[in-house]
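Here's the letter readout for the chains.
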Amino acid sequence: MASSPTPAFPSVRMRRLRRDAFSRNMVRETSLAAANLIWPVFVIEGSARTQGVPSMPGVERVSIDRLVERAAEAAALGVGAIALFPVIESTKTPLAEEAYNDDGLIARAVRALKAAVPDIAIITDVALDPYTSHGQDGLIDPSGYVMNDETVAVLVRQALSHARAGADFVAPSDMMDGRIGAIRAALDADGHIQTKILAYSAKFASAFYGPFRDAVGSSANLGKSSKETYQLDFGNRDEAIRECALDVAEGADMLMVKPGLPYLDILARVRDEFRMPVAVYQVSGEFAMLKAAAANGWLDYRKCLLETLICFRRAGASAILTYGAVDAARWLREG
Ligand code: PBG
């Protein structure tokens, strides 16, 4: 609030500064750069393989060789990071042993990327859902309940395997209790003191993840089961803040809010409360809605995508995971 009373119209005309591009540009409060963007990509086995994802038009699952090419393009456009998600076709098991295979798909992808495209950050997903035959993010007991501490032990092995492969960030997206502290301690004990943790701290049990589960092939395995016993209830704000506080205390370098657009209130509050870097995930369902409307000619994909990205920044996001990262980086370059 200004200390003197605000003079009113007609001496004050808010539209004066909006009249010309120079003054609009000068007073714009929020900026967006390619460096703020994180590109989520789906990785498959094999070589020279590309598969579309029907519920996410424009998104492709790619083999490691193609991934390296795509990553080089993204890096040339200044995209800050790539977030890798594996599509595990033949080695899903109840105990997700493939998740910590040092020669598994993600470990090989990280090594290939680090060798060929060293200047883009690599973020790996720490969660078991691509690897479990039941599609849950953790190990289940006979009743189907996801067991916490047993799962954390596997997540630690998975995170260590990613760090050994050279991941810059490990990003636990599983929502088990205590996993950030356990992963931090294990990374440090193994000498990976510089491996950063991007914690999916405020991750809600959302129906907007539907297309992602199609993309990684976990939706059929998950069936009618839900993730409500570990992901946040979408009506809860204070609980999201508590989750973040715990992850901060356990050593998270960055927090994340997910999904994005319907959760801007959470994002803004997390940024205000913790004053530390926060990422937001514009999830598959948000992207699918935009693409579907654009395909019908109802929305302008380019304008709407860039608007949403600015809105995330305005709400307090340092980084934004978006399937449109490369599109946006290209448009930012064009100006
Ligand atoms: C699972 C995971 C999910 C997403 C990222 N990691 C889905 C889920 O929790 O079921 C969703 C991303 C998206 O929808 O784009 N560990």
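Refer to the structure printed above.
First, a word on scope: everything that follows refers to the structure included in this document. Computed from a predicted model, the values in this text were never measured in an experiment.

Glancing now at the side chain of Ser 63. Summarising the element assignment, Ser 63 is placed in strand β3 (residues 60-63). Look at Ser 63 and you get buried, because its relative accessible area is 0%. In contact with Ser 63, not counting residues within four places along its chain, are Ile 44, Glu 45, Gly 46, Ser 47, Ala 48 and Arg 49.

The subject of this paragraph is the pairing of strand β8 (residues 254-258). When a strand is regular, its side chains alternate between the sheet's two faces. Burial analysis of β8 places five of its five residues in the buried class, the great majority of the element. Neither face of β8 is left uncovered, since the one carrying Met 254, Met 256 and Lys 258 and the one carrying Leu 255 and Val 257 both have all their residues buried. Pairing geometry for strand β7 (residues 196-203) and β8, over five bridges, is parallel. Counterpart to Tyr 200 in the pairing with β8 is Met 256. In terms of strand pairing, β8 meets strand β9 (residues 278-281) through three bridges, oriented parallel.

Looking at the ligand, there are 18 residues lining it, with Arg 213, Lys 227, Lys 258, Ser 284 and Tyr 323 nearest. Measuring from an oxygen atom of the ligand, one finds a side-chain N or O atom of Gln 231 at 2.9 Å. At a separation of 2.6 Å, an oxygen atom of the ligand approaches a polar side-chain atom of Tyr 323. Residues of the shell around the ligand, tallied by class, amount to eight nonpolar, three polar and seven charged.

Another point: the environment of Ala 268. As for its position among the elements, Ala 268 is in helix α9 (residues 264-274). Along the chain, Ala 268 and Phe 312 lie 44 residues apart, while their C-alpha atoms are 8.9 Å from each other.

So, about the packing of aromatic side chains. One pass over the full model with this rule turns up 11 aromatic pairs. Taking 6.2 Å as the distance between ring centres and 45° as the angle between the ring planes, the aromatic pair formed by Phe 42 and Phe 85 counts as tilted. Linking Phe 42 in strand β1 (residues 37-44) with Phe 85 in strand β4 (residues 81-86), this pair joins segments that are 43 residues apart in sequence. Among the residues examined, Phe 85 registers a relative accessible area of 3% and is labelled buried. The structure contains a cluster of three or more aromatic residues connected by ring pairs, namely Phe 42, Phe 85, Tyr 200, Phe 212, Tyr 281, Phe 287, Tyr 301, Tyr 323 and Trp 331.

Moving on to helix α11 (residues 301-315). Compared with an ideal rise of 1.5 Å per residue, which puts 15 residues at 21 Å, α11 spans 21 Å between its outermost C-alpha atoms and is within 8% of the ideal. Buried within α11 are the following residues: Tyr 301, Cys 304, Leu 305, Thr 308, Leu 309, Cys 311, Phe 312 and Ala 315. The buried residues of α11 occupy one face: seen down the axis, they fall within an arc of 155°. Residues of α11 that are exposed and point over 90 degrees away from its buried face: Lys 303, Glu 307 and Arg 314. Capping the start of α11 is the job of one residue whose side-chain oxygen sits 3.1 Å from the backbone nitrogen of Arg 302: Asp 300. Positive backbone phi, at 125°, marks Gly 316, one or two positions downstream of α11.

The next thing to look at is the nonpolar core. Grouped together as the largest cluster of nonpolar side chains are 114 residues, with contacts concentrated most on Phe 42, Leu 84, Leu 267, Val 270 and Tyr 281. In terms of residues, this core owes the most to one element, helix α4 (residues 148-165), which gives eight residues.

Criteria and thresholds
- Residues numbered from 1 in each chain as written.
- Predicted model: local features only at pLDDT ≥ 70, side-chain atom pairs only at ≥ 80, totals over all residues.
- Heavy atoms only, no water.
- Helix = DSSP H or I, 4+ residues; strand = E, 2+ residues; numbered from the N terminus.
- Buried < 20%, exposed > 50% of the residue type's maximum accessible area, 1.4 Å probe, protein only.
- Contact = heavy atoms within 4.5 Å.
- Pairing = 2+ DSSP bridges.
- Near = heavy atom within 4 Å.
- Polar contact = N/O pair within 3.5 Å; in protein donor to acceptor, adjacent residues only side chain to side chain.
- Nonpolar A, V, L, I, M, F, W, Y, C, P; charged D, E, K, R; others polar.
- Phe/Tyr/Trp six-rings, centres within 6.5 Å; stacked < 30°, edge-to-face > 60°.
- Expected span 1.5 Å × (residues − 1).
- Arc of directions from axis to C-beta.
- Core = buried A, V, L, I, M, F, W, Y, C linked by side-chain atoms within 4.5 Å.

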